[in-house]
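# Architecture at a glance
For reference, the chains in residue letters:
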Amino acid sequence: MTARSESVTELLPMVFAAPGEALARAERVLQSDPPPLDASIAHQVIGIWQRDFGDLGVALDHLRRARDCAARADSPEREADVLATLGVALVHAGRTRQGLAAFERGVALGSGHNRAQVLYRRAYVWWVLGRHREALEDVRRAIPVLRQADDVIWTARALTLRATVHLALGAVDRADADFTAAERLWETTGQEHDKADAVESRGLAAFRSGDIPAALRLLAEAEERYAELGTPTFMLYIRRCEVLMAAGLAPEALAEADAAIAALDRLGGQSTRKAELLLAAARAARSAGDAQTAIARAAVAVRLFAGQRRTWWETHARLVLIEARVACGAASGRLVQDTAAVAEKLASFGAPAAPEASLLAGRIALALGWTADAERHLAVAARSRHGGPPLARMTGWAAQALRARAAGSRRGVLEACRRGLDVLDDHRMTLGASELRARATAQGAELAALAQQASLAHGGPRRLLEWSERWRATVLSTPPTRPPADPALLTSLTAFREIASRAEDARRQGRPVLALEREQRRLEREIRSRTHHIRGSAPGGGDRFDPGRLLDRLGDARLAELAVLEGRVHILLCGQGRVRRFEGGLLAEAVAEAEHVQAGLRRLAHPGAEGRLAVVEAAGRRLEELLLGAAADHLGSGPVVIVPPGALHRVPWALLPSLRERVLSVSPSAGSWLRARETEPPPDGRHVLVRGPGLATGGAEVPEVAGRYATARVLEYDDAQVPRVLDELDGAALAHIAAHGTFRADSPLFSSLRMADGPLIVHDFERLARSPYRIILSSCDTARLASVGADELLGLVTALLPLGTAGVVASSAPVNDAAVVPLMLALHKGLGAGLSLAEALRDARAALPGDAVHQATGWAFAAFGAA
């Protein structure tokens, strides 16, 4: 071989180490009228680049030329190598029969080390096709030969592939061992693309073992590495979609899958990858509750997989298609048979999704009243409860709970639900980010609902209260893991504040903001992504709720927890040493009425809308009928605590006639009220008053309130910047923040209070070691929350409660700035007299003028917690 040929040969490993440079050099080789052997290598390098990062049609053209040049050079080994590359490309193009025929000839032409490389690539194709046993057989034959030849690069590739196949079969420990061995080998090479692939693979392994934060972090690192190399990878998008869905971020997963499909179509890329992305999109749409989109994506994926002869993948797509149809209300004997057939085929593949399919078959059979068939399928699904990743075990416990319910065993239902939710708690606490913890609870919604139904039918009000608490506001049971001192995260937060502040200024001045908004969204994605990488540190599932402890601590107060079962509100009234149940109205009617009230409050925030006052008060009476029912007559004369479900968090409870003149507080759960009740105030008694910019009144109450507290620290004008404000808030006894509030329904943890240097967001509060014991948010919309997961709430108030805050005063609607001033002054007067937040707020409302604007302002504010 000539020196020139040796130089050209170097291009093959280079295409995975420095793809762009390899492509440019290969194109220069072809411009120099090379001999057939060199031309074969150059065409193969271009074919590999186009196959993985460009146009698959162009790739096939170059690879066929490479094969023909190898034949002219009379080099069987060269031809075998090209045939293997061509076989991979053909399979990715959906031409499975032609691809396997190319491999057959490549294996026949190759020998020794060269043949082992061909076997490795055929093993990869078997994995793409979902034929895992054939993949393991080929890679088993290849690895010893590659090791004997001291071929570090190909051995590492083969180990990575074998690990990936093990993961597909659910053998996580074997996969970990192979990934670890491969990564040690990669560190001795300059194969940067392969190193990035190894990081991606470790992310997949972390996900399969249940470590979602590590999976997100590793996939983000892999993406950064690929970006540095200028090489897009659609497999990464597919894997990240899977992790995002497990993290409860299905809408984000769907958006990412659809964007990747569009990018792949623009490139003319691999048909196999498109089918996989369609399957990912279908799964995400189903998880996001968009059944019609799931059906559309899954149906196309089924057709593509069938045409590509990829039975393993086709079967998974059929499962998603059936799940989406069932979500649309389909149920028939034929559907039971189809689902059972899918489950049986998945089980024959050793696919981890097999129990999920059996559970679905059992559910459909139960809906049809086919108890014997249901028991058979559910029994199969229930086997997964004893092993595997958390979500697989939860599938098993859900199946066991349904079996027990069909058998009439209340004890069996409750035990299965308890065990399944314990698995979810352990999984949830591995997540450091409060958003991920909240969204993960959706996985336990069915188990909690089954337990509540069993408790309602046989267990009595106290048992129903226990199960209502079991899945309510679980994120508030322990603080989120404090973000580490990550310089990149702090830099992103600072940049976000600057950009958001500039965008706000531009809007006020009527200047274009598109570029600023685009950069703000990018920074939001970066901040959110980094917080998702934080791993939980608290073991177990937080405090367990004790009804007896609650009843002891209530004293003469009453706590009304509103549980929703099958669309109807049930009021669990706690007090006087017992729990009583009352039936309310339909949740949907109450939610609609609450929205009407909110619209009325928005109008009453402006003078001239006095005519709406009677309408709003009438709506308050209807809300009382729907939400309290007969319980309104049993509230006693003491304080009242309302614990609403997430869907009713915007109800202005002080508007309800029986609550209007009471000491009233609101809590996301009875357990969080108990924790707030038992939280001790900090010893130093520091008071902090913050005045943000742009208020219509200029935060007029702040100077006067400051005069009430001898040691008050006032931050205003340029002093009211986020870093300084956070320093002063940390561990304060009382904080009063007068600032513009913004609620972000699309991303609640970016809900904010406007400071001098930009927005103070929920992510900032979560960096506090201890949030203020009491905090008053004299702002619009600060009590607005987003309902996510099973029955969790995200927003400013719920960010504060687990961090040491025992009481918050905040508003659930836009308020009139001028009317807020007398309310706040009266509130602080009550606090100065030793009252609690709820007591002081009750008296402050009573002290307001009787006009519509002031009345609406009083109703908009609520006291949360127990301080």
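One can find the structure itself at the top, above this paragraph.
Residues numbered from 1 in each chain as written. Predicted model: local features only at pLDDT ≥ 70, side-chain atom pairs only at ≥ 80, totals over all residues. Heavy atoms only, no water.

## With respect to the overall build of the protein
In terms of helices and strands, the protein carries 39 helices and 16 strands. Computed over the C-alpha atoms, the radius of gyration of the protein is 31 Å, within 12% of the 29 Å expected from 2.2 N^0.38 for a compact globule of 867 residues. Its C-alpha atoms give the protein principal-axis dimensions of about 100 × 70 × 45 Å. Taking all 867 residues of the protein together, 60% fall into the buried category. A fraction of 70% describes how many contacts in the protein between residues 6 or more apart in sequence connect residues 24 or more apart. Per element, the accessible surface of the protein, about 32,900 Å² overall, is 50% carbon and sulfur. Charged side chains in the protein number 107 positive and 102 negative. The centres of these two groups are separated by 4 Å. (Helix = DSSP H or I, 4+ residues; strand = E, 2+ residues; numbered from the N terminus. Rg over C-alpha atoms; globule rule 2.2 N^0.38 Å. Buried < 20%, exposed > 50% of the residue type's maximum accessible area, 1.4 Å probe, protein only. Contact = heavy atoms within 4.5 Å. Areas by Shrake-Rupley, 256 points an atom, 1.4 Å probe, with all protein chains shown as cover. Lys, Arg positive; Asp, Glu negative; His and termini not counted. Charge placed at Lys NZ, Arg CZ, Asp CG, Glu CD.)

## Things to note about the pairing of strand 1 (residues 558–565)
Strand 1 sits mainly inside the fold: seven of its eight residues count as buried. Two strands pair when backbone bridges link them, and strand 1 and strand 4 (residues 640–643) are joined in this way by four bridges, in the parallel orientation. Bridge pairing in strand 4 links L559 to V641. Sheet topology places strand 1 next to strand 2 (residues 568–575); seven bridges connect them, and they run antiparallel. Counterpart to A560 in the pairing with strand 2 is L573. (Pairing = 2+ DSSP bridges.)

## A few points about the sheet that holds strand 10 (residues 752–755)
Reading across the sheet, the three strands line up as 9-10-11 and stay open at both edges, with antiparallel pairing between neighbours. Where the open sheet ends on each side, the last strands, each with one partner, are strand 9 (741–742) and strand 11 (758–761). Inspection of the sheet shows strand 9 paired to strand 10 by two bridges, in the antiparallel sense. When the bridges of strand 10 are listed, T742 appears paired with S752.

## Considerations on the pattern of salt bridges
This structure, assessed with the given rule, holds 60 salt bridges. Salt-bridge contacts for E375 lead to R403; the nearest nitrogen and oxygen are separated by 2.6 Å. Placement of the pair is E375 in helix 21 (residues 371–382) and R403 in helix 22 (residues 390–406), with a sequence separation of 28 residues. Salt-bridge contacts for E716 lead to R691; the nearest nitrogen and oxygen are separated by 2.3 Å. Here the residue E716 occupies a position in strand 7 (residues 713–716), and R691 occupies one in strand 6 (residues 687–691), the gap between them amounting to 25 residues. Connected via shared salt-bridge partners are E415, R418, R419, D422, D425 and R470. (Salt bridge = Lys/Arg side-chain N within 4 Å of Asp/Glu carboxyl O.)

## Details of the side chain of E593
Note on placement: E593 falls in helix 30 (residues 587–604). Judged by relative accessible area, E593 falls into the buried class, the value being 11%. With near-sequence residues (within four places) excluded, E593 lies in contact with A619, R622 and L623.

## Side note on the nonpolar core
Formed by 131 residues in total, the largest nonpolar core has its most connected members in W127, I212, L346 and C417. When residues in this core are grouped by element, the largest group, 10 residues, is from helix 8 (residues 112–128). Leaving out residues up to four positions away in the same chain, L346 has contacts with T315, H316, L319, A351, A353, A354 and A357. Listed in part, the 104 residues of the second largest apolar core include L587, L627, V725 and A735. (Core = buried A, V, L, I, M, F, W, Y, C linked by side-chain atoms within 4.5 Å.)

## Quick notes on helix 6 (residues 76–92)
Here helix 6 contains 17 residues, and its C-alpha end-to-end distance of 24 Å stays within 8% of the 24 Å for a straight helix at 1.5 Å per residue. Along helix 6, 15 of the 17 residues are buried, which leaves the element largely enclosed by surrounding structure. (Expected span 1.5 Å × (residues − 1).)

## Considerations on helix 27 (residues 487–509)
Helix length check: helix 27 (23 residues) gives 33 Å between terminal C-alpha atoms against 33 Å at 1.5 Å per residue, within 8%. Inspection of helix 27 places L489, S492, L493, F496, R497, I499, A500, A503 and A506 among the buried residues, and these make up the whole buried set. Next to the buried residues of helix 27 lie helix 28 (514–532), helix 34 (722–729), strand 11 and helix 35 (762–765). Directly after helix 27, the chain includes G510, whose backbone phi takes a positive value near 75 degrees.

## What about the packing of helix 23 (residues 410–428) against helix 25 (residues 445–459)?
Put simply, helix 23 and helix 25 touch, their axes get as near as 9 Å, and they point 150 degrees apart. By the angle between their axes, helix 23 is roughly antiparallel relative to helix 25. Handedness of the crossing formed by helix 23 with helix 25: left-handed. Between helix 23, through R410, V413, L414, A416, C417, G420 and L421, and helix 25, the contact on the second element is made entirely by L447, A448, L450, A451, A454, S455, H458 and G459. Partitioned by chemical class, the residues of the contact of helix 23 with helix 25 number 10 nonpolar, four polar and one charged. (Axes fitted to C-alpha atoms, helices over the stretch in contact; angles between N-to-C directions. Parallel < 35°, antiparallel > 145°, perpendicular 65-115°, else oblique. Left-handed = near helix turned anticlockwise from the far one by under 90°. Nonpolar A, V, L, I, M, F, W, Y, C, P; charged D, E, K, R; others polar.)

## Brief notes about the pairing of strand 8 (residues 734–738)
Along a regular strand, successive side chains alternate from one face of the sheet to the other. For strand 8, the buried fraction is high: five of the five residues fall into the buried class. Alignment of strand 6 against strand 8, held across five bridges, turns out to be parallel. Note that in strand 8 the partner of V688 across the bridge is A735. The pairing of strand 8 with strand 12 (residues 774–778) spans five bridges and is parallel. Among the inter-strand pairings, I737 is bridged to a residue of strand 12, identified as L777.

## Quick look at the packing of aromatic side chains
Inspection of the entire model under this criterion finds six aromatic pairs. Judged by centre distance (5.9 Å) and plane angle (40 degrees), the ring pair of Y124 and W127 falls under tilted. In this pair, Y124 and W127 both sit in helix 8, three residues apart, roughly one turn of the helix. Centroid distance F305 to W313: 5.7 Å. Interplanar angle 25 degrees. Geometry classified as stacked. Between the NZ or CZ atom of R157 and the centre of the ring of W154, over which it lies, the distance is 4.9 Å. The residue whose ring lies beneath R385 is W397, and the NZ or CZ to ring-centre distance is 5.3 Å. (Phe/Tyr/Trp six-rings, centres within 6.5 Å; stacked < 30°, edge-to-face > 60°. Lys NZ or Arg CZ within 6 Å of the ring centre and 35° of its normal.)

## Structural notes on the packing of helix 16 (residues 271–287) against helix 18 (residues 311–327)
Axis separation between helix 16 and helix 18 bottoms out at 10 Å; the angle between their running directions is 25 degrees. Taken together, helix 16 and helix 18 sit at an angle that is classed as roughly parallel. Along this stretch, helix 16 crosses helix 18, giving a crossing that reads as left-handed. Counting all contacts with helix 16, which are made through E276, L279, A282, R283 and R286, the residues of helix 18 involved are W313, H316, A317, V320 and E323. Among the residues making up the contact of helix 16 with helix 18, the classes are represented as five nonpolar, one polar and four charged.

## Let's talk about the side chain of E624
The residue E624 is located in helix 31 (residues 612–627) in this model. The side chain of E624 sits in the buried core without any salt bridge; R660 is the nearest counter-charge, 7.4 Å away. At 2.8 Å, the side chain of E624 and the backbone nitrogen of S658 are in polar contact. The contacts of E624, once residues within four sequence positions are left out, are G629, A632, L656, P657 and S658. (Polar contact = N/O pair within 3.5 Å; in protein donor to acceptor, adjacent residues only side chain to side chain.)

## Observations regarding unusual backbone geometry
If you check the backbone angles, D33 has positive phi at about 50 degrees while not being a glycine. Among the secondary structure elements, D33 is positioned in the loop between helix 3 (19–30) and helix 4 (36–53). Although it is not a glycine, Q576 adopts a positive phi angle of roughly 60 degrees. Looking at the secondary structure, you find Q576 in the loop between strand 2 and strand 3 (578–586). Overall, Q576 belongs to the exposed group, its relative accessible area being 55%.

## Topic: the environment of T164
Its place among the elements puts T164 in helix 10 (residues 152–168). Separated by 55 residues in the primary sequence, T164 and L109 place their C-alpha atoms 28 Å from one another. Once residues within four sequence positions are removed from consideration, T164 is found in contact with W127, F179 and R239. Reaching out from T164, the side chain makes a polar contact with the backbone oxygen of T160 at a distance of 2.8 Å.

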